[in-house]
Amino acid sequence: MERKSQSIRLPYGTDFFELNTNLPGLAFDVFLPDSPAALSDPQANFNAVIQNPLNSPPFLSVAKDALSAALAEGRKPRVVIAVADHTRPVPDRLLVPWLADQLELPDECITILIGTGTHRGSTPDEINRMFGSAAARFNVVNHDCQSQQDLVFVGKSSCGGECWLNRHWVEADLRITTGFIEPHFYAGFSGGSKALIPGIAGLQTVRHFHRASLIDSPDVTWAKIEGNPLQKLTREMAALCPPHFVVNVTLNRDKEITGIFAGELVAVHNFGSKVSLEEATVRVSRRYPIVITTNSGYPLDQNFYQTVKGLSAASRLVEPGGLILVLSKCDNGLPSEGEFANILSDSRTNSELYQFIMETTVTKHDQWQVQTLLQCLVKARIVMYSNLSSGDRLITRTDHTDDPIATLLEVVAASSVDTLPVAVLPLGPLTIPVVAQ
């Protein structure tokens, strides 16, 4: 826990909101994950780990074996690197060229496949920000989960889910994924097989992966890998057409690389998740009547859909019936794509809508995020500070403020307690609060 006497800088878009902590009637406790120093020479570290990877031969040996058939047939090798989309801070502008340069193949042999999941495709400007000069070197493709002609059926999971994956991936000679390992409210930790499921999966597969009964499991939660049925399912489906090689990273608060993990998918994710768990976990002695959170700033706070992650982190820490104040810029709205806004706009009450979601036999696109938001609303009142339009604000099922300080002082004025404890999560979903029992 960190304490600051005058103000706290809360990430808000690409900037910060300065939260004054010199307020009467409030006592602030700040909880931040560890922030290890950046690797002094990340490229040298990358070169070292791909030569001595986890549960895998060295990268070039893997690549040679995977590409041997294409070279023997005299055809152009097909290399696909599956990456995260514009909502994730994965340093692919570094990782992709480092991987490609190791292969010593013509640039036209390499396709960057952006794992959009059910999100919209990344725009040209976003692609340039994500990959820098590499955006012009390689073929860059946005996955489209609803384009059936671009999907290939690769099998079924043990629970009966059909697995459809992007055709570029399935037909590639060499399949590589990159990713960022951080706490995740469903999968325990991001990275690993999530690059494929849901990253480059068809909508039917994503719906099965996010069905209400699975999301409702108490084991589908932050920081849990072992015994997490959703993590088990993503790994099982990924194994139907697995990557030949995986490179995942951990990042510090400044989004600098602190660790690089390479090799076989499960080994990489398990090891990196253990590192992330140590860095992200904060021990907390109590729950708080007020929790202030963010969505860790840009790029994760671009819309309200993603903001549910920060709310989910705060809900672990708030007292029943308390207040969650979330600062998330949401420049891209709710967003407009998908069915998120339509489901939120349903005329049912929160409890009625939640019951409807739990009883439905057809999982709607984005229903899972509404389900989690409704779970948070059962625990606490939610007030948002954002750039959402007035129309979008009416849909969120939360309250809104244009002055977070005034909102806090209103709570103080209505309280019968001399001093209200306030927990602050400046990095929201990058923090795993564990409350002492």
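Below, the structure is looked at part by part. As the structure is a prediction and not an experimental result, all values here were calculated from the model.

Regarding the packing of helix H9 (residues 229-238) against helix H10 (residues 265-280)
When two helices pack together, their arrangement is given by the angle between the helix axes and by the axis-to-axis distance.
Okay, step 1: The contact between H9 and H10 brings their axes to 11 Å, and the two run at 155°. Judged on the interaxial angle alone, H10 and H9 are roughly antiparallel. Residue-level contacts link Gln231, Arg235 and Ala238 of H9 to Leu265, Val266, His269 and Asn270 of H10.
Okay, step 2: Partitioned by chemical class, the residues of the contact of H9 with H10 number three nonpolar, three polar and one charged.

Details of empty space enclosed by the protein
Okay, step 1: Counted under the stated rule, the structure contains four cavities of 30 Å³ or more.
Okay, step 2: Taken together, 33 residues make up the lining of the largest cavity; nearest its centre are Arg88, His119, His184, Lys194 and Pro198.
Okay, step 3: Those elements giving two or more residues to the lining of the largest cavity turn out to be strand S4 (79-84), strand S9 (174-180), helix H7 (203-209), helix H11 (304-315) and helix H14 (367-379).
Okay, step 4: Considered class by class, the residues forming the lining of the largest cavity number 13 nonpolar, 15 polar and five charged.

Structural notes on the sheet that holds S4
Sheet strands associate in pairs through backbone hydrogen bonding, adopting either a parallel or an antiparallel arrangement.
Okay, step 1: Overall, mixed pairing links the six strands, which are arranged S6-S5-S4-S9-S12-S13 in an open sheet. Both edges of this open sheet fall to strand S6 (139-142) and strand S13 (257-263), since each of them pairs with a single strand only. Each strand axis lies, on average, 20° off the axis of its neighbour in the sheet, ignoring direction.
Okay, step 2: Where helix H3 (residues 92-103) meets the sheet, it contacts S4, strand S5 (110-115), S9, strand S12 (245-251) and S13, and its direction lies at approximately 165° from that of S4.

Section: the sheet that holds strand S15 (residues 288-294)
Okay, step 1: Strands sit in the order S3-S19-S15-S16-S17-S18 across an open sheet of six strands; the sheet is parallel. The two strands at the open ends of the sheet, each matched to only one other strand, are strand S3 (26-30) and strand S18 (399-400).
Okay, step 2: Taken together, the six bridges between S15 and strand S16 (residues 318-327) define a ladder with parallel strand orientation. Counterpart to isoleucine 292 in the pairing with S16 is leucine 325.
Okay, step 3: The strands that H11 touches are S15, S16, strand S17 (380-385) and strand S19 (420-425); relative to S16, the one it contacts most, it runs at about 140°.

Looking at the state of the cysteines
Okay, step 1: By the definition in use, this model includes zero disulfides.
Okay, step 2: Free cysteine cysteine 241: the closest other cysteine sulfur is in cysteine 163, separated by 8.3 Å.

Looking at the pattern of salt bridges
Pairing between side chains of opposite charge can happen when the charged atoms of each approach one another.
Okay, step 1: As enumerated under the stated definition, the model contains 15 salt bridges in all.
Okay, step 2: One salt bridge in this structure joins lysine 224 and aspartate 219, with 3.9 Å as the shortest N-O distance.
Okay, step 3: According to the relative accessible area criterion, aspartate 219 is partly exposed, its value standing at 32%.
Okay, step 4: Where arginine 381 meets aspartate 399, a salt bridge forms, and the shortest distance between an N and an O atom there is 2.8 Å. Here the residue arginine 381 occupies a position in strand S17, and aspartate 399 occupies one in strand S18, the gap between them amounting to 18 residues.
Okay, step 5: Overlapping salt bridges, with partners in common, bring together Glu73, Arg75, Arg78 and Asp173 in one network.

Details of H3
Okay, step 1: With 12 residues, H3 ought to run about 16 Å at 1.5 Å a step, and its terminal C-alpha atoms sit 16 Å apart, in line with that.
Okay, step 2: Taken together, the buried positions of H3 are occupied by Asp92, Leu95, Val96, Pro97, Trp98, Leu99, Ala100 and Leu103.

Re the pairing of S3
One face of the sheet, then the other: side chains in a regular strand alternate in exactly this way.
Okay, step 1: For S3, a buried count of four out of five residues is recorded, marking the element as mostly surrounded by other parts of the structure.
Okay, step 2: In this structure, S3 lies alongside S19, joined through five bridges in parallel fashion. Note on S19: the bridge partner recorded for aspartate 29 is alanine 423.

A look at the side chain of threonine 250
Okay, step 1: Mapped onto the fold, threonine 250 is located in strand S12.
Okay, step 2: A relative accessible area of 2% places threonine 250 in the buried class.
Okay, step 3: For threonine 250, the contacting residues outside a window of four places in its chain are Phe180, Ile181, Glu256, Ile257, Thr258, Gly259, Phe261, Gly272 and Glu279.

Thresholds applied
Residues numbered from 1 in each chain as written. Predicted model: local features only at pLDDT ≥ 70, side-chain atom pairs only at ≥ 80, totals over all residues. Heavy atoms only, no water. Axes fitted to C-alpha atoms, helices over the stretch in contact; angles between N-to-C directions. Helix = DSSP H or I, 4+ residues; strand = E, 2+ residues; numbered from the N terminus. Parallel < 35°, antiparallel > 145°, perpendicular 65-115°, else oblique. Contact = heavy atoms within 4.5 Å. Nonpolar A, V, L, I, M, F, W, Y, C, P; charged D, E, K, R; others polar. 1 Å grid on protein atoms, 1.4 Å probe; cavity = no way out; pocket = protein on both sides within 12 Å on 5 of 7 lines; lining within 4 Å. Points joined across faces, edges and corners; volume = space filled by probe spheres on them. Pairing = 2+ DSSP bridges. Disulfide = S-S within 2.5 Å. Salt bridge = Lys/Arg side-chain N within 4 Å of Asp/Glu carboxyl O. Buried < 20%, exposed > 50% of the residue type's maximum accessible area, 1.4 Å probe, protein only. Expected span 1.5 Å × (residues − 1).

So, to be careful, I would describe these as geometric facts and stop short of saying anything about function.
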